[in-house]
2 protein chains.
Amino acid sequence: MDEAAIHGILSRLLMAGTLPGSVKLGEHRLAEIFGVSRERIRKVLHRLGHERLLEIVKNRGAFTIEPDLREGRVVYEARRILESGMAAHLADNLTEAQIARLRQHVDAEADALRSGDQPTWLRLSAEFHFLLAEMTENPIVQRQAHELISRTLMLVKRYETTAGSACGCEEHRAIFRALAARERGKAVKAMHSHLSLVETRLRPTICVEEGPSLEEVIAHEIAVYREANGAALMAAG
Amino acid sequence: MDEAAIHGILSRLLMAGTLPGSVKLGEHRLAEIFGVSRERIRKVLHRLGHERLLEIVKNRGAFTIEPDLREGRVVYEARRILESGMAAHLADNLTEAQIARLRQHVDAEADALRSGDQPTWLRLSAEFHFLLAEMTENPIVQRQAHELISRTLMLVKRYETTAGSACGCEEHRAIFRALAARERGKAVKAMHSHLSLVETRLRPTICVEEGPSLEEVIAHEIAVYREANGAALMAAG
DNA sequence: GGCGCTAATTTTGTGCACAATCGCTAACAG
DNA sequence: CTGTTAGCGATTGTGCACAAAATTAGCGCC
């Protein structure tokens, strides 16, 4: 298990938001769970801290962050700023192939929503924004957008009322339509209002529901990783 | 000399663009220069790599990046996307006090330009964009903008023809005027065209001019740091 | 019984030594 | 003369051991 793998597993785990806030991620404990040396965990932890996926307190260790709604406001504001700019750029530069790809994605979202497949829809819903970031074909923007979207995923998983999520699909379609028509102003507006609406859907639910232990959660995530990795290896070989 | 200090010194050094590209920053060598252990340097180097201020090659070490014009295109595109979004946001949300502050800054830029004080003007010119980022009052946007602007500083210092720089002042004023008038569309346009113009001013000068040695450059930077730090200490005490 | 202080324990931070890897050079074969 | 390979030197990566810091538990005192 190399550094990249551990980083991937932990970052996915943190983005999923399955852990409550302020959970201590002890170096020694993680080292035992992953079966690697403490230094390797240490490096990964500091990197995750730099990516703002957890909080590093000097001489105290790493803690999962409680993404409170106050911080949520900041993240969504940042997304409105960045993704509005992205929308403007994309409206001017999308190729026909990219537009087709977007249409396909929005349709898939609608399908998942109609069939009541909520996990799939949730995933596709996030991927829509990742997809837009990719289409800028700008690695810097991609990284910045990735970081922001990751952080909102934690928020959504924790605070969003599932009922409210349902209406998001039409908003994505509105963005798509404006982009496809290359109407810059309309695309920016659609993106802006979409992100504002998602933000308003966050409810301060007092969720202190206790999940399984850290060991179990990570074990599951490792299993998922091995599965995906195995599949990739088969495809490659 | 703690980690933060070393990071600050090196990041300022790299942003200044005084070093040519592909200069090797050996861990042992830097450790000796700063008079600290290799591990501390190591940590800082990796962090700087993560911030894309230098390049880390596995088993090879850290190298200053040659900010070639190809990469410059990407950075400026990212800035157009992000700072256009910022301009739109600011046009809607600036306070009167902030507008006054901006006016003051633009005037200072004009003064510096008129009096031919090029170093000051160059600094103010960059600070204009930092100032706009600050005024979003959004720490995430501030960090992202900071990273982008830092990277362009390297480019400008290296590739921009000094003669061409002179016309940038009016562009900043145009942005300011649109923001002050709260004309969102105009502000976005002004920002977009400004960043495009700056980019076109970059010339592929074949500058292989050899500067002083790494030791000398860093020694100078350390002196600057101590001076600033000393002043801060005096003000604090 | 509550509060504050101290000591012990646990956890992170750091320096050091060794191992692994890479590039370079030189020698040898074709 | 050129291309390839093996050995060497240098530099980074990693595990380990120790040091520093913080939390907690225990104890005495008010």
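Note that the structure is predicted; figures quoted are calculated from it, not measured.

**Student:** Could you clarify how one ought to interpret the overall build of chain A in this entry?
**Tutor:** Each helix and strand in chain A was counted, giving eleven helices and three strands. Secondary structure elements of chain A occur, N-terminal to C-terminal, as α-β-α-α-β-β-α-α-α-α-α-α-α-α. Here chain A, with 237 residues, has 48% of them falling under the buried criterion. Just so you have it, chain A exposes about 11800 Å², and 55% of that area is on carbon and sulfur atoms.

**Student:** Hey, could you run me through the environment of Lys24 of chain B in this one?
**Tutor:** Residues and elements named next belong to chain B. For Lys24, the location among the structural elements is in strand β1 (residues 24-25). For the pair Lys24 and Gly61, spaced 37 residues apart in sequence, the C-alpha to C-alpha distance is 7.3 Å. Every residue in contact with Lys24, bar those within four places of it in the chain, is listed here: Arg29, Arg60, Gly61, Ala62, Phe63 and Leu214.

**Student:** I'm lost on the pairing of strand β2 (residues 54-57) of chain B in this one. Help?
**Tutor:** In summary, the side chains of a regular strand alternate between the two faces of the sheet. With four bridges joining them, β2 of chain B and strand β3 (residues 61-64) of chain B adopt antiparallel strand pairing. Its bridge partner lying in β3 of chain B, Ile56 of chain B is registered against Ala62 of chain B.

**Student:** Even after reading the chapter, I still don't get the pairing of strand β3 (residues 61-64) of chain A, so can you show me in this structure?
**Tutor:** All names here are of chain A. Bridge count for strand β1 (residues 24-25) against β3 is two bridges, and the pairing is antiparallel. Across the sheet, residue Lys24 finds its bridge partner in β3, namely Phe63. What sits between strand β2 (residues 54-57) and β3 in their antiparallel hairpin is a turn of three residues, with Asn59 showing a positive phi close to 65°.

**Student:** Would you explain the sheet that holds β1 of chain A in this entry?
**Tutor:** Whenever strands of a sheet pair, they do so through backbone hydrogen bonds, lying parallel or antiparallel. Residue and element names in this part refer to chain A. What the three strands build is an open sheet, ordered β1-β3-β2; its pairing is antiparallel. Every interior strand has two partners, whereas the edge strands, β1 and β2, have only one. This element, helix α3 (residues 38-50), spans β1, β2 and β3 of the sheet and lies at about 115° to β2.

**Student:** What exactly am I supposed to notice about the protein's contact with DNA strand D here?
**Tutor:** Within the structure, DNA strand D sits among 17 residues, and Ser37, Glu39 and Arg60 of chain A together with Arg38 and Arg42 of chain B are positioned closest to it. What you see for DNA strand D is that sugar and phosphate hold 68% of its atoms within 4 Å of the protein. At 3.4 Å, a side-chain N or O of Lys43 of chain A approaches a phosphate oxygen of DNA strand D. Between DNA strand D and the protein, one listed contact pairs a phosphate oxygen with a side-chain N or O atom of Arg60 of chain A at 3.2 Å. Among the elements of the structure, α3 of chain A together with α3 (38-50) of chain B are those that each provide at least two residues to the surface near DNA strand D.

Cut-offs applied
- Residues numbered from 1 in each chain as written.
- Chains lettered and ligands numbered in written order.
- Predicted model: local features only at pLDDT ≥ 70, side-chain atom pairs only at ≥ 80, totals over all residues.
- Heavy atoms only, no water.
- Helix = DSSP H or I, 4+ residues; strand = E, 2+ residues; numbered from the N terminus.
- Buried < 20%, exposed > 50% of the residue type's maximum accessible area, 1.4 Å probe, protein only.
- Areas by Shrake-Rupley, 256 points an atom, 1.4 Å probe, with all protein chains shown as cover.
- Contact = heavy atoms within 4.5 Å.
- Pairing = 2+ DSSP bridges.
- Axes fitted to C-alpha atoms, helices over the stretch in contact; angles between N-to-C directions.
- Near = heavy atom within 4 Å.
- Polar contact = N/O pair within 3.5 Å; in protein donor to acceptor, adjacent residues only side chain to side chain.

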